[in-house]
Amino acid sequence: MDHDVNGRLLDRPAIEPPESFVAQANVSDPDVRAAFEREWPDCWAQAGRLLDWERPYDETLAGGAAEPPFEWFAGGRLNASHNCVDRHVDERKNQVAVQWEGRLGETRTYTYLDLYREVNEFAAALRSLGVAAGDVVTLYMPMIPELPVAMLACARLGAVHNVVFAGFSAEALANRMGRAESRFLVTCDGYYRRGAATNQKNKADNARIGLDHEVEATVVVSRLGDETHLGDRQYGYVDLLAAHEGDRVDPVARRAADPLFLIYTSGTTGAPKAVTHTTGGYLAHVAWTARAVLDIKPEDTYWCSADIGWITGHSYVVYGPLALGTTTVLYEGTADHPERDRVWQIIERNAVDVFYTAPTAIRAFMKWGSEYPARNDLSSLRLLGTVGEPINPRVWEWYYTHIGGERCPVVDTWWQTETGAIMVSTLPGADAMKPGSAGMALPGIGARVVDGDGRPTPPGEPGYLVLDRPWPGMPTALATGEGWADSHPWRSADGWQYVAGDEATVDEDGYVTVLGRVDDVINVAGRRFSTMELESSIVEVAGVAEAAVIGGDDRSTGRAVYAYVSPERDCPGDDDLRARIEARVREAIGPMATPEAVVFTPELPKTRSGKIMRRLLEDIANDEPLGDTSALRNPEILGEIESVVREEP
Ligand code: ATP
Ligand code: MG
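From a predicted model like this one, the values you see are computed outputs, not experimental measurements. (Residues numbered from 1 in each chain as written. Chains lettered and ligands numbered in written order. Predicted model: local features only at pLDDT ≥ 70, side-chain atom pairs only at ≥ 80, totals over all residues. Heavy atoms only, no water.)

1. Things to note about the sheet that holds strand β11 (residues 217-221)
Next, step 1: Pairing is mixed across the open sheet formed by seven strands, whose spatial order is β12-β11-β8-β6-β7-β14-β15. Two strands close off the open sheet at either side, each with one partner strand: β12 (234-236) and β15 (274-278). Within the sheet, the average angular offset between the axes of one strand and its neighbour, ignoring direction, is 20 degrees.
Next, step 2: One ladder, built from two bridges, connects strand β7 (residues 160-163) with strand β14 (residues 259-264); its direction is parallel. By the bridge assignment for β14, H161 is matched with F261.
Next, step 3: Strands β14 and β15 of the sheet are contacted by helix α11 (residues 280-292), whose axis makes an angle of about 85 degrees with β15. (Pairing = 2+ DSSP bridges. Helix = DSSP H or I, 4+ residues; strand = E, 2+ residues; numbered from the N terminus. Axes fitted to C-alpha atoms, helices over the stretch in contact; angles between N-to-C directions. Contact = heavy atoms within 4.5 Å.)

2. Quick notes on the site of ligand 1
Next, step 1: Lining the immediate environment of ligand 1, one finds 21 residues, of which T265, T268, T269, T417 and K611 sit closest.
Next, step 2: Between ligand 1 and the protein, one listed contact pairs an oxygen atom with a side-chain N or O atom of T265 at 2.6 Å.
Next, step 3: Interatomic distance of 2.8 Å between a side-chain N/O atom of Q416 and an oxygen atom of ligand 1.
Next, step 4: Starting from 630 Å² of accessible surface for ligand 1 in isolation, the protein chains cover 95%.
Next, step 5: Looking at the shell around ligand 1 residue by residue, the classes come out as five nonpolar, nine polar and seven charged. (Near = heavy atom within 4 Å. Polar contact = N/O pair within 3.5 Å; in protein donor to acceptor, adjacent residues only side chain to side chain. Areas by Shrake-Rupley, 256 points an atom, 1.4 Å probe, with all protein chains shown as cover. Nonpolar A, V, L, I, M, F, W, Y, C, P; charged D, E, K, R; others polar.)

3. Re the sheet that holds strand β23 (residues 498-506)
Next, step 1: One open sheet holds the four strands; their spatial order is β21-β22-β23-β24, and the pairing between them is antiparallel. Since the sheet does not close on itself, it has two edges, and those belong to β21 (447-450) and β24 (512-517), each with one partner. Shown here is a sheet whose adjacent strand axes are inclined to one another by a mean of 45 degrees, direction ignored.
Next, step 2: With four bridges connecting them, β21 and strand β22 (residues 463-467) associate as antiparallel partners. Each bridged residue has a counterpart across the sheet, and for A447 the counterpart in β22 is L467.

4. Side note on the UniProt feature "domain: AMP-dependent synthetase/ligase" (unreviewed entry) in the protein
Next, step 1: UniProt marks residues 86-470 with the feature "domain: AMP-dependent synthetase/ligase" (unreviewed entry), using the numbering shown here.
Next, step 2: Along residues 86-470, the helical share is 32% and the strand share 22%, with 30 Å between the first and last C-alpha atoms. (UniProt positions renumbered as here; feature names shortened; annotations may be inferred.)

5. Here we look at the nonpolar core
General note: in soluble globular proteins, nonpolar side chains tend to be found buried as a group.
Next, step 1: Residues F122, Y316 and Y319 are the most contacted members of the largest nonpolar core, which totals 123 residues.
Next, step 2: For F122, the residues in contact, after removing those within four places along its chain, are V149, A150, A153, V186, V219, Y237, L240 and L241.
Next, step 3: In terms of nonpolar packing, the next biggest core, distinct from the first, is built from 49 residues, Y372, I391, V410 and A593 among them. (Core = buried A, V, L, I, M, F, W, Y, C linked by side-chain atoms within 4.5 Å. Buried < 20%, exposed > 50% of the residue type's maximum accessible area, 1.4 Å probe, protein only.)

6. Regarding the packing of aromatic side chains
Next, step 1: Per the counting criterion, the structure on display carries 24 aromatic pairs.
Next, step 2: When the ring of W40 is compared with that of W72, the centres are 6.5 Å apart and the planes differ by 85 degrees; the resulting orientation is edge-to-face. You can see W40 sitting in the loop between α3 (32-39) and α4 (45-48) and its partner W72 sitting in strand β2 (residues 71-74), a full 32 residues away along the chain.
Next, step 3: A relative accessible area of 5% places W72 in the buried class.
Next, step 4: Between the aromatic rings of F365 and W368, the centroid separation amounts to 5.9 Å while the plane-to-plane angle is 65 degrees, which identifies the pairing as edge-to-face. Linking F365 with W368, this pair stays in helix α14 (residues 359-368), spanning three residues, or about one helical turn. (Phe/Tyr/Trp six-rings, centres within 6.5 Å; stacked < 30°, edge-to-face > 60°.)

7. Regarding the pattern of salt bridges
Next, step 1: Within this structure, the stated rule accounts for 42 salt bridges.
Next, step 2: Between D52 and R87 there is a salt bridge; the shortest N-O distance is 4.0 Å. Linking D52 in the loop between α4 and β1 (59-62) with R87 in helix α5 (residues 80-92), this pair joins segments that are 35 residues apart in sequence.
Next, step 3: Three or more residues are tied together by salt bridges with common partners; here these are D295, K297, D300, D353 and R382. (Salt bridge = Lys/Arg side-chain N within 4 Å of Asp/Glu carboxyl O.)

8. A word on helix α9 (residues 200-209)
Next, step 1: Every buried residue of α9 is accounted for by Q200, K201, A204, D205 and A207. For α9, the arc enclosing every buried residue in end-on projection is 160 degrees, short of the 170-degree limit, so these residues lie on one face.
Next, step 2: In this structure N199 caps α9, since a side-chain oxygen of it lies 3.3 Å from the backbone nitrogen of K201. (Arc of directions from axis to C-beta.)

Right under this line is the structure:
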């Protein structure tokens, strides 16, 4: 590839973390990576030590590191519920574990003792309904405290939870329960969305009808507070708790490699894929990264705004913060209801120390304007994080300035559902930040950028982002080597390697910049353009809030850049803005990248986890039938975009 992406994206000076942050950081030793290398894989015992083991492990990594099977913390036994709840009760029973902020402005507070009691009672209830170790229990609930309680109750019994995002349809739920042969379901009567009550139980009932197997028990949490008709083998959550009041359930010790849960990917590049995570390796990796990257301390109030229906919610709303014994904020609502400063109000009211969100949210905050965060006192914040998509440098800088007051380091964390926990990021107490670049591979992580033959690319040259060493949070299929190659990108020409599916560059300092999905990179007359780079240049144009670029058909070059742009609130999508966008791309990237068409749209199509779905925009541009739309959050926008595109000459 013949253009230097890093040079352009990162020609701003690296930003050092403030000394005041470094002085208090959990990890600030600049040699931590070298120390991990010297002792790899035993370095990961540092993560193992963050957990309580019912039986200590014999080996940090059994089976060698060359090829599967890999077994992390082999011989060890532990229980995730004990690690996230019981062990904190002795030390700080009255500390808040879960601070819930409800959609209607209600709040609920669970101390570690409250959480301990409810998890035990619900585990006793599930056990009485027939749930045993290894059973798959499907959880279909919005962001209410009963969701983490149910997850931890399953973990306590050694049952495998299968959280299905609450906004998914009956059909999507049936599909996920069917594939997992899940015979138990915990759901709720309904919940509020954009001011209106939705009927969740109805969807759950319909899903059950669509299943080939019997559901042995359905538990219904009352969120709306209305009287709900409970049919055969259906039980009310509060009735079950009352029936098991004061019950205690001994945590079932699990092998480190035993499954803790099933989860699905976001579905950005195709149909969502199922992934299974382990108990020991996963929990150790999540706890270690929550401590080293998110800098979480037990006395902190920490808020990750992701929905628990996605891996980020599992790892960094529930397991990571609770394993470290901190206070985790659980927010049911949306960022703009009732007002566009809702998020900042919650941060002020709870004096949140660490805030972790996604670029899609930050782009929305930016679009709404800095007057909203300015209304609130955000001085409690110490660290900011982002995950889910590449963050454009302009958006990074807005976050750093307007939310972090240029005082809080920003960690741009690259990882996937498949990796279970953060893999590439700066360590905020040890590394300088480069806006737009995620940072270095974390200590002990083998992340590299390679060409099509598996050879490392020179600095600045795009290539495939691969993981060439096992990691503790790796999913079961990758650890065992069974059934992985069929459904996941995978190459093994030069030893064991997991191909992440993202294209990236690495600079002289080892900083990885994700350029976009391998499938999304645009090839115009033999030149490859990164979606991240193109979109970043468009987002730099005043008046642009969000942009997505794709490769579309073109009569002369075969392939051309199409840009879909969502303007800021007060900016019209007109010829002037179009001309400025074209000029900026020509200047920043080159004339060949000048968009063939700039399509204005109030919104971009996004997954329910908030990622731009470029493949659907590509289908529209190329006049092809739309691919899998099951993971789409705003299907109505597609018709709107289609009608605009069809009008183009
Ligand atoms: P699917 O695999 O179903 O197509 P998905 O890849 O979006 O969906 P996730 O596992 O939720 O599902 O997302 C992981 C992907 O998100 C990564 O492969 C990467 O493309 C993107 N990503 C996550 N964090 C970052 C980041 N900090 N910088 C750049 N990209 C990121
Ligand atoms: Mg993926």
